[in-house]
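Coordinate inspection notes
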Amino acid sequence: MPTAASNVNILVFACRWCGLIGADAAGRRRMELPASFRVIPVECAGYVEPDAVIRAFASGATGVAVLGCHVGGCRFNDANHPALKRLELLRTLLDATGIGGDRLLLGFGTAHEYHQWADTIRAFHEHVAGLPSMKSWLPAAVATGER
Amino acid sequence: MQNMTNQKKTVLVVGGGVAGISAALDLAAGGHRVHLVERGHDLGGQVAKLDKFYPTDHCAFCPLWTEIRRCKESEAVTIHTLSRVETLEQAGVRHRAVIIESAPVVDPALCINCGRCESACPKGVARPIWEHAYPPVYVIDRDRCGDCSACAEVCPTKAIAFDREERKVELDLDEVVWAAGFDEVSLAPMKEYGWGTHPDILTSLEFEAWKAEAGENRGKILRRSDRAVPRSIAFIQCAGARDLRLLPHCSAVCCMHALKQAQWVKRRTPEVDCVILYTDLRTVGRDYYEYALRDFDGNGVRLVRGRPSMIYPLPRGGIAVRYEDTSTGKREIRQFDMVVLNGNLQSTLARQPDPGARPDLGGEGFVTPASISCGFVMEPADVTESAIQASSAALRSILGTKG
Amino acid sequence: MTKIGVFLCNCFGEIGGVIDLESIRKRLESDPAVDFVTVRESLCMPGDAAEAHARIRERGIGRVLLGACSPYGRMEMVRLALVKEGVDVRTVRAADLREGCAWVHGKDPAGATRKAANQLDMEIALLQNMRGSKDVAVGIQQEALVIGAGPAGLSAACGLARLGFQAHLVDRGTAPGGMLNMITRVYPTDVAGPEKLAALVEESRGNPRIRFYGKTKVASVKGYAGDFKVSLAGPEGSTSLRVGAVVLATGARILFPQGLYGYGKLKGVITQMEMERQFASGKPACRSAVFIQCVGARNAERPYCSTICCPLSLKNAMRIVDEVPGAKAAVLHRDIMTPGSVLEAYYRKALHKGVQFIRFDADRPPEVRGDGQVSGVEVFDAISGKTRTIETDLLVLSTPLVADPESAALARMLEIPVDGHGFIAEVYPVHPVETRNDGVFICGTARWPVSSDQAIAQGEAAAVKAASFLGRQTVSALAMGRVPGAKLGHAEADAGACTGCGNCVAVCPYRACRLQRTGNRSVSRVIKVRCKACGSCVSVCPNGAMQIPEQNYRVTGEMIRRAFREVR
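Every value quoted in this text rests on a predicted model; they were computed, and no experiment measured them. (Residues numbered from 1 in each chain as written. Chains lettered and ligands numbered in written order. Predicted model: local features only at pLDDT ≥ 70, side-chain atom pairs only at ≥ 80, totals over all residues. Heavy atoms only, no water.)

Some points on the overall build of chain B
Check the secondary structure of chain B and you find nine helices and 20 strands. For 403 residues, the compact-globule formula gives about 22 Å, and the C-alpha radius of gyration of chain B, at 23 Å, lands near that figure. With the principal axes as the frame, chain B shows a C-alpha extent of 65 × 60 × 40 Å. Residue burial in chain B is summarised as follows: out of 403 residues, 63% are buried. Restricting to contacts in chain B with at least 6 residues of sequence separation, those with at least 24 account for 66%. (Helix = DSSP H or I, 4+ residues; strand = E, 2+ residues; numbered from the N terminus. Rg over C-alpha atoms; globule rule 2.2 N^0.38 Å. Buried < 20%, exposed > 50% of the residue type's maximum accessible area, 1.4 Å probe, protein only. Contact = heavy atoms within 4.5 Å.)

What follows is the structure, given as structure tokens:
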């Protein structure tokens, strides 16, 4: 069980179909997961744009995960496919900016694969915990919650 | 033609699987009243139990969750679970049905899915209902219960009661749609298949549950005998089916079902040798033939045309399958670690002994055109065909025409 | 802006046993956006929703936040119960504090509490910043267009008519019936084609609810679900129609086996259709017949099974044996495709009648013998391993149904996708006659090769689905989601900011975005009834002009900012 690490703040964009149902199934089975991630449900992984991911890194996230349905399984008729391509491209840019492309996780699965969901979260937590701390883009005021 | 559109019908749909749910929703959308009778704890039928369904290779959530939710939220559909048709009489053009409705031990209106009953039960009889139920609740199998009431004591919402009475529901109906689906028929009488002689000789539905992602092995492909990874699995087609001794019909879904299972095993554990022993590889349906041809860069499922004559456990472990490989003309005896038997599916109505509780059946146990039916009870059919038949059955019951 | 009322559920200790609800309550009460915070033992028990609603009304709050369980279970039922009490469902949000928090972080109550606080903050941000999509009520035209009057189209039109709707039935031929009119015996009941269709044709004739347009094609279709503007081109010129639903039932074509097995070169090598004509004209002129299956099918070019050819050969082979004294019939096949009970029994019937079945493998096809006239077929019998020569003076080739290019053109007009073989795909296996374009239905062999019985059943299914759709009479764009009643909202382009780049038009899976010229600019306009709120357009919009009001940029941005805020 990974211990809480203060440098692990993972923002998960999860589509509310395959993306979130795996979480739900893991929850029903009381699978223990690190409390380092927060979830923003979206209709489809296709909604997630590179700008949102960058914004997440600029707002305190040290890892971003985008979880959606398998390509071919998207209920919005493959709307997740361009998202996958777009975000893979972003990964290259993240490397170039020094944030690091390995702080972005793209996970596409099916609703049944709850243990994979759990393993993915745990593994990503471990991975991010092992990375050197990110250069902070946050002015101190934002970090403490004041406007 | 008489304008039937203003007359709203009350229709009994027997069976809450894909076919029954589809028919019920079509009827409800037309403003008709539906009584949906389901023998199990929840809607979903056989497809709900599948780990994956073809041709999408995805789980049953997408096809079922939305449709079940719509059924449950529809004011036009009254759902009777743990229910069965006791009698059905024709009264002129109408039908009178008596439904026996059992109440579940765990009241789904009160169950919050906390699972304290499961922790408290000494016999492991309390379990979660199926994976994608809406809403998810616990069920207690009364038959295996030891009557200790430990569960009732820990239940925070007092949802558990063992003394709920059966209810008799009398219905006056315009039409009846039979959508009662299929069951597996025991292969024990057919000794050559060896079912029951070894834990690693399973039927296809047993294998489906055993290998399920959401099952006890979390999707790992393992032998039932010792939980080791098998080196080889033989999928035997037409077991019990296309066989005048047991089931003369072709069960229609098994070739694709075996391909789905075998291909999944190859993707999950590529080193397992998967062989399908078939007679005719029936891949009729959109993209099914291409599905069968998928070979995962040369490490695909091996398709061998031949029927086995004998399947038996070997004294030092493993299972022997004796068959003729018709492409070489040679008889082979090969050892496999697991054998999956496909084919033994029969309409649930064919096994209903009481003629007063079912429609007229043809010689092979399927519903004749004299009654309105859809899905497997009408003809062995997959999800797509069943859904089409269900809509067609809905239309015929709205118009009062037969098949 | 109205304040937010917060209900936190203890869930009989399932949530409160891990998460410190008291500290969360105190924290939320100090949030200026929050009016009150109540911690309750449950939110989903009988009577809870009424009590909650009483509190909501008493405090006059406009938005509700629940801290409860999973959205796939009882929490959703709580939202619906509140809706029944009169609360606007779009103003109720919830954070999953159970399956998503307490149950997965049981060993880290402090971490779980921090997470719960953050997730609730994020939902507050959403409630504060979300806006409502403008809804549009679509009046649904109460008439339907059925394109194609074969068994599928006839069945659909008759079904629609019987359900009370006007059907416009269009066919490029002179009379309804299609290919089935030419078949003298249809399997498995052995009824003649026209007889099979007779009841449907009779019903369509003189039916005030079915208007038949012979020798007519669809020239154009514009519009969308509920309101399609159709232009027909017929012998009397063009006709304009406005319909609420379109059923595509344009059928398929049969492949001609040109160049295969001596067709066109040897006499006596014919297609199944030509076999039909021989039966129709009296006794077929042959002493025996050999049928070859999968001619031009289940190969690299057409890797599909055409469903009907095996039963078709069984039917014709049995007929040869019945009608030509002393005749023999043999079927050379790679698999006999007779799934189910009825077709398998049909196969057994053929076996009992003495029809011979010889299996060959794809890589070793039969060879035709003959000089000017077919004299026999040499086949490597894959079961016995022996090469056999079967003498015959008639060789019938089973060829597959292939997609009609006109169907593909119509599909493009109707903005629905065509698969790799030219057939038209349904949106999902459990919705086999519905397409990606709401209000457009597909049935019969234009969809996929099927028998006439199946085509008729599909026509009935399309009729029921189309009638259900038309029967709603008016529907709101927000009700037309991928999951009925659960649509998030719809995308909307700010005309002032939109640069007309067209990214959204390209990426939308539903063709819901259009560029419209206003003055000397192009701006994007979203067809609300088509939009499913997947968000693809939002993510490709270069300047944020395109947004979904319920989850606009401010919402997402604020949720991101609050996700890891310090919890004191």
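Picking up where we left off.
Concerning the interface of chain B and chain A
Taken together, the contact between chain B and chain A spans 19 residues of the former and 18 residues of the latter. Of all residues in chain B, His58(B), Glu131(B) and Arg218(B) give up the largest surface area on contact with chain A, accounting jointly for 34% of the area buried on that side. The tally of links between chain B and chain A comes to six residue pairs in polar contact (both at pLDDT 80 or more). At the level of secondary structure, the elements contributing two or more residues to the side of chain B that touches chain A comprise helix 3 (61–73) and helix 7 (254–268) of chain B. Among the elements that make up the side of chain B that touches chain A, the one with the highest residue count is helix 3 of chain B (three residues). Looking at the side of chain B that touches chain A residue by residue, the class counts come to eight nonpolar, six polar and five charged. (Buried area = accessible area lost by both parts, 1.4 Å probe. Polar contact = N/O pair within 3.5 Å; in protein donor to acceptor, adjacent residues only side chain to side chain. Nonpolar A, V, L, I, M, F, W, Y, C, P; charged D, E, K, R; others polar.)

Some points on the sheet that holds strand 18 (residues 367–370) of chain C
Residues and elements named next belong to chain C. Overall, antiparallel pairing links the three strands, which are arranged 18-19-20 in an open sheet. The strands lining the two open edges of the sheet, one partner per strand, are strand 18 and strand 20 (386–391). Looking at each pair of strands side by side, their axes are set apart by 25° on average, direction ignored. With four bridges joining them, strand 18 and strand 19 (residues 374–381) adopt antiparallel strand pairing. Bridge pairing in strand 19 links Glu367 to Glu378. (Pairing = 2+ DSSP bridges. Axes fitted to C-alpha atoms, helices over the stretch in contact; angles between N-to-C directions.)

Thoughts on the nonpolar core
Membership of the largest hydrophobic core comes to 235 residues, with the highest contact counts inside it found for Leu11(A), Phe13(A), Ile19(C), Leu160(C) and Met546(C). A per-element tally of this core places helix 12 (residues 452–471) of chain C first, with nine residues. Leave out the neighbours within four places in its chain, and Met546(C) touches Ala491(C), Glu492(C), Ala493(C), Cys504(C), Cys513(C), Ser524(C), Val526(C), Cys537(C), Val538(C), Cys541(C) and Tyr553(C). In terms of nonpolar packing, the next biggest core, distinct from the first, is built from 36 residues, Cys310(C), Tyr347(C), Val402(C) and Trp448(C) among them. (Core = buried A, V, L, I, M, F, W, Y, C linked by side-chain atoms within 4.5 Å.)

Notes on the sheet that holds strand 8 (residues 167–173) of chain B
Residue and element names in this part refer to chain B. Strand order in the open sheet made by the three strands is 4-5-8, with antiparallel pairing throughout. Of all the strands in the sheet, just strand 4 (83–91) and strand 8 have a single pairing partner and so form its edges. Neighbour-to-neighbour, the strand axes of this sheet turn through a mean angle of 20°, independent of strand direction. Bridge count between strand 5 (residues 94–101) and strand 8: seven bridges; the pairing is antiparallel. Within the sheet, the bridge partner assigned to Val98 lies in strand 8 and is Glu170.

Describing unusual backbone geometry
Trans is the prevailing form of peptide bonds, just as negative phi is the prevailing case for residues other than glycine. Along the chain, Tyr54(B) connects to Pro55(B) via a cis peptide bond; the corresponding omega equals 0°. For Pro55(B), the location among the structural elements is in the loop between helix 2 (45–49) and helix 3. Here the residue pair Tyr187(C) and Pro188(C) is connected by a cis peptide bond, since its omega of -10° sits within 30 degrees of zero. Of note, Pro188(C) is situated in the loop between strand 7 (166–170) and helix 7 (193–204). One non-glycine residue with positive phi stands out, namely Lys158(B), at about 55°. Locating Lys158(B) in the fold gives a position in the loop between helix 5 (150–154) and strand 8.

Focus: the domain arrangement of chain B
Residue and element names in this part refer to chain B. Examined at the domain level, chain B breaks down into domain 1 (10–102 + 166–183 + 346–399), domain 2 (103–164) and domain 3 (186–343). Between domain 1 and domain 2, the C-alpha centre-to-centre distance is 26 Å. Together, the buried faces of domain 1 and domain 2 total about 1100 Å²; carbon and sulfur atoms form 64% of this surface. A per-residue breakdown of the area domain 1 buries against domain 2 is headed by His41, Asp42 and Trp65, which together make up 39% of the total. Along the contact surface separating domain 1 from domain 2 lie zero salt bridges. Our count for the domain 1 to domain 2 interface comes out at four residue pairs in polar contact (both at pLDDT 80 or more). Class assignment for the residues of the side of domain 1 that touches domain 2 results in nine nonpolar, two polar and six charged. (Domains from an automatic or database assignment. Salt bridge = Lys/Arg side-chain N within 4 Å of Asp/Glu carboxyl O.)

Quick word on the packing of helix 8 (residues 272–280) of chain C against helix 9 (residues 309–323) of chain C
All names here are of chain C. At a minimum axis separation of 11 Å, helix 8 and helix 9 run at an interaxial angle of 30°. Taken together, the axes of helix 8 and helix 9 lie roughly parallel to each other. Considering how the two elements wind past one another, helix 8 and helix 9 form a crossing that is left-handed. Of helix 9, the residues touching helix 8 (which contributes Gln272, Met275, Glu276 and Phe279) are Cys309, Leu312, Ser313, Lys315, Asn316, Arg319, Ile320 and Glu323. For the contact of helix 8 with helix 9, a count of residues per class yields five nonpolar, three polar and four charged. (Parallel < 35°, antiparallel > 145°, perpendicular 65-115°, else oblique. Left-handed = near helix turned anticlockwise from the far one by under 90°.)

Regarding a nonpolar patch on the surface
A grouping of Met179(C), Met182(C) and Ile254(C) is seen on the molecular surface, where their side chains present a nonpolar patch of about 230 Å² in accessible area. Residue placement: Met182(C) occurs in the loop between strand 7 and helix 7. (Patch = residues over 30% accessible without salt bridge, like charges linked within 9 Å, V, L, I, M, F, W, Y side chains within 5 Å. Areas by Shrake-Rupley, 256 points an atom, 1.4 Å probe, with all protein chains shown as cover.)

A closer look at the interface of chain C and chain B
Contact residues are listed per partner, giving 67 residues for chain C and 71 residues for chain B. When chain C packs against chain B, the two sides together hide about 5700 Å² of surface, and 58% of this comes from carbon and sulfur. A per-residue breakdown of the area chain C buries against chain B is headed by Arg74(C), Arg162(C) and Val430(C), which together make up 11% of the total. If you look at where chain C meets chain B, you find 10 salt bridges. The salt bridge partner of Arg69(B) is Glu76(C), with a shortest N-O separation of 3.2 Å. Taken together, chain C and chain B are joined by 33 residue pairs in polar contact (both at pLDDT 80 or more). Of all the secondary structure elements, the ones that give two or more residues to the side of chain C that touches chain B are helix 3 (74–84), helix 6 (151–162), helix 10 (342–352) and helix 12 of chain C.

Considerations on the side chain of Thr62(A)
Residues and elements named next belong to chain A. Tracing the backbone through its elements, the reader meets Thr62 in the loop between helix 2 (50–58) and strand 3 (63–69). The class for Thr62 is buried, based on a relative accessible area of 10%. At 2.7 Å, the side chain of Thr62 and the backbone oxygen of Asn7 are in polar contact. Each residue touching Thr62, except ones within four places of it in the same chain, is listed here: Asn7, Val8, Asn9, Phe57, Arg103, Val128 and Met134.

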